[in-house]
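# Analysis of the macromolecular model
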Amino acid sequence: VDARRDVRACRVRLFQLMGVPDTAAESIDMSEALLERPPASVDDALQSGVERRYEVRAAQAGVAEGRKRVDVARLSSAPRLELQSEYLQRTPTGVLQGHQWNTGFALSVPLIDGGAARVHARRAYEAYQQLVAALEQTRRQARIEIGTCYEDLQARYADLGTSEEI
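Conventions and cut-offs
Residues numbered from 1 in each chain as written. Predicted model: local features only at pLDDT ≥ 70, side-chain atom pairs only at ≥ 80, totals over all residues. Heavy atoms only, no water. Helix = DSSP H or I, 4+ residues; strand = E, 2+ residues; numbered from the N terminus. Buried < 20%, exposed > 50% of the residue type's maximum accessible area, 1.4 Å probe, protein only. Contact = heavy atoms within 4.5 Å. Areas by Shrake-Rupley, 256 points an atom, 1.4 Å probe, with all protein chains shown as cover. Expected span 1.5 Å × (residues − 1). Arc of directions from axis to C-beta. Salt bridge = Lys/Arg side-chain N within 4 Å of Asp/Glu carboxyl O. Core = buried A, V, L, I, M, F, W, Y, C linked by side-chain atoms within 4.5 Å. Phe/Tyr/Trp six-rings, centres within 6.5 Å; stacked < 30°, edge-to-face > 60°. Lys NZ or Arg CZ within 6 Å of the ring centre and 35° of its normal.

Quick look at the overall build of the chain now. Helix and strand counts for the chain stand at five helices and two strands. Reading the chain from its N end, one meets helices and strands in the order α-α-α-α-β-β-α. Relative to its full complement of 166 residues, the chain shows a buried share of 25%. Intrachain contacts of the chain at a sequence separation of at least 6 include 72% that bridge at least 24 residues. Roughly 11,500 Å² of accessible area belongs to the chain as shown, and the carbon and sulfur atoms make up 55% of that amount.

In structure tokens:
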């Protein structure tokens, strides 16, 4: 009974770490479905579980946002073409009509900014590199947690097999 309880607890933990709902572990009774083994190898568990983890997905979103910041910072010193328009409604006087549209284009070309754009882009890229490093660290930590829990679960299954033979 203790071995089955240990298997159940370890199985629930593994599937939580992998981000997969474990319907067998959620059942209250100790049925045979509980004794179904997890993925065949730790590689299968890692591949299916690491990218599903919430912290990994959050880190991936942070990396994507950091990449966008780098792109925006690099484009801050690029020439810009803007369309400007306005509509005026006023009381007609003399030859002027009551409605007036003004439309035009504006071209902005930064000539000298004292290197501020380059510094801003470099800082954004450094922040992006830190986010990438944090993502890799999060993935490594997830692999370690899933691998450790998987090995523990395999040991619990071995204990369960030994206890059932007795």
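Right, let's get into the environment of Gln47. Residue placement: Gln47 occurs in helix 3 (residues 42–49). Separated by 96 residues in the primary sequence, Gln47 and Arg143 have C-alpha atoms spaced 9.0 Å apart.

As a further point, take helix 4 (residues 54–75). Counted at 1.5 Å a residue, the expected span for helix 4 with its 22 residues is 32 Å, and the 32 Å between its end C-alpha atoms agrees. Of all the residues in helix 4, the buried ones are Val56, Ala59, Val63, Gly66, Val70 and Ala73. Take helix 4 and look down its axis: the buried residues cluster within an arc of 95°, on one side only. Helix 4 presents Tyr54, Ala58, Lys68, Val72 and Leu75 as exposed residues on the side facing more than 90 degrees away from its buried surface.

A separate point is the pattern of salt bridges. This structure, assessed with the given rule, holds five salt bridges. Put simply, Arg80 and Glu82 hold a salt bridge, and the shortest N to O gap is 3.8 Å. Taking relative accessible area as the criterion, Arg80 reaches 43% and is therefore assigned partly exposed. Overall, the relative accessible area of 33% leaves Glu82 in the partly exposed class. Through salt bridges with shared partners, a single ionic network connects Arg53, Glu55 and Glu145.

Turning to the nonpolar core, a few remarks are in order. Grouped together as the largest cluster of nonpolar side chains are 13 residues, with contacts concentrated most on Val50, Val56 and Leu135. Of all the secondary structure elements, the ones that give two or more residues to this core are helix 4 and helix 5 (116–165). Residue contributions to this core peak at six residues, all from helix 5. Listed in part, the five residues of the second largest apolar core include Val7, Cys10, Cys149 and Tyr157.

Let's shift gears to the packing of aromatic side chains. The full count for this structure, using the stated rule, is two aromatic pairs. For the pair Tyr87 and Trp101, a centre-to-centre distance of 4.9 Å together with 50° between the ring planes defines the contact as tilted. Highlighted residues: Tyr87 in strand 1 (residues 80–89) and Trp101 in strand 2 (residues 99–108), separated in sequence by 14 residues. Summarising the aromatic geometry, the rings of Tyr125 and Tyr128 are spaced 6.1 Å apart at their centres and angled 35° between planes, so their arrangement reads as tilted. Taken together, the positions of Tyr125 and Tyr128, both in helix 5 and three residues apart, correspond to about one turn of that helix. When its relative accessible area of 32% is taken as the criterion, Tyr125 is described as partly exposed. The ring of Tyr128 has Arg67 lying over it, and the distance from NZ or CZ to the ring centre is 5.5 Å.

With that out of the way, let us pick up the environment of Gln154. By the secondary structure assignment, Gln154 is in helix 5. Sequence spacing of Gln154 and Arg11 is 143 residues, and the spatial spacing of their C-alpha atoms is 9.5 Å.

Take it as geometry only, folks, not as evidence of what the structure does.
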